[in-house]
Amino acid sequence: MAGLNKVMLIGRLGKDPEVISFENGGKKMTVSLATSERYRDREGNWQDQTEWHNIVAWGNLASDIAEKRRNYIKGDLLFIEGKIKSRQYTDSQGVNKSITEIIAEKMNLISKGGNLPVSGTEPKYDRGQAEESKTTPYDTYPTQSSAEEDLPF
């Protein structure tokens, strides 16, 4: 049976892309991408959870990024589409390691972020103003009944 290995991420660059050129003319681009989720815990406090993804692009996509490298900088918000790939390797000290990467097939700039902090990448808002109105940019979901709030998931 055939499978599907497809990933779509929207997140902020954790560093400027690094492009390596090979003798045969090929290129490889690597970068880290942070995706964040914001939710309220059981006590009603906002919690941020950030996942880091190792992104790798090869060939034409890496070449395009190398030519436009100044267009992608730390803090930029990007859409990345690709597939998950896990591999093992031995580091310079002889230790076996494993890594999971996203092999990018598409990479599109959503917005320029410029040197924004990557942890807590959600949009900032004036807490004083939010307290006055009792809403924040994250209050977009309908409220749940008290019976639903007691569910463990």
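Just so it is clear, the structure is predicted and the values come from calculations on it, not from any experiment.

Thresholds applied
- Residues numbered from 1 in each chain as written.
- Predicted model: local features only at pLDDT ≥ 70, side-chain atom pairs only at ≥ 80, totals over all residues.
- Heavy atoms only, no water.
- Helix = DSSP H or I, 4+ residues; strand = E, 2+ residues; numbered from the N terminus.
- Buried < 20%, exposed > 50% of the residue type's maximum accessible area, 1.4 Å probe, protein only.
- Contact = heavy atoms within 4.5 Å.
- Areas by Shrake-Rupley, 256 points an atom, 1.4 Å probe, with all protein chains shown as cover.
- pLDDT = per-residue confidence, 0-100.
- Phe/Tyr/Trp six-rings, centres within 6.5 Å; stacked < 30°, edge-to-face > 60°.
- Salt bridge = Lys/Arg side-chain N within 4 Å of Asp/Glu carboxyl O.

Before going further, it helps to examine the overall build of the protein chain. A count of helical and extended segments in the protein chain gives 3 helices and 6 strands. Sequence-ordered secondary structure for the protein chain, helices as α and strands as β, is β-β-β-β-α-β-β-α-α. For the protein chain, the residues scored as buried account for 33% of the 153 residues in total. Considering only residue pairs separated by 6 or more positions, the protein chain has 63% of its internal contacts joining residues 24 or more positions apart. Carbon together with sulfur atoms contributes 48% to the accessible area of the protein chain, which is approximately 10900 Å² in total.

On to the confidence of the model for the protein chain, then. The pLDDT averaged across the protein chain works out to 78; a share of 72% of its residues lies at or above 70. Model confidence for the protein chain, summarised as mean pLDDT per element, is weakest for helix 2 (residues 127-133) at 40 and strongest for strand 1 (residues 7-13) at 96. Contacts for the low-pLDDT stretch residues 115-148, under 50 throughout, to residues beyond four places or in other chains number 38 contacts.

This brings us to helix 1 (residues 59-67). Three or more residues of helix 1 are buried, namely Leu-61, Ala-62, Ser-63, Ile-65 and Ala-66. Among the structural elements, strand 2 (18-21), strand 3 (27-40), strand 4 (46-58) and strand 6 (96-111) are those in contact with the buried residues of helix 1.

Once that is clear, we can look at the packing of aromatic side chains. Inspection of the entire model under this criterion finds 1 aromatic pair. With a centroid separation of 6.3 Å and 15 degrees between ring planes, the pair formed by Phe-22 and Trp-58 is classed as stacked. Pair noted here: Phe-22 is in the loop between strand 2 and strand 3 and Trp-58 is in strand 4, with a separation of 36 residues, a long-range link. Residue classification places Phe-22 among the partly exposed positions, given a relative accessible area of 38%.

The next subject is the environment of Ala-66. With respect to the helices and strands, the residue Ala-66 is situated in helix 1. Taking the C-alpha atoms as reference points, Ala-66 and Glu-18, 48 residues apart in sequence, are found 8.3 Å from one another. Once residues within four sequence positions are removed from consideration, Ala-66 is found in contact with Val-19 and Lys-27.

A few words on the pattern of salt bridges. Using the criterion set out here, one finds 7 salt bridges in the structure. Ionic pairing is found between Lys-6 and Glu-105, a salt bridge with its closest N-O pair at 3.3 Å. Of this pair, Lys-6 sits in the segment before strand 1 while Glu-105 sits in strand 6, placing them 99 residues apart in sequence. With a relative accessible area of 41%, Lys-6 lands in the partly exposed category. With relative accessibility at 42%, the residue Glu-105 sits in the partly exposed group. In this structure, the salt-bridge partner of Asp-48 is Arg-38, at a minimum N-O distance of 2.9 Å.

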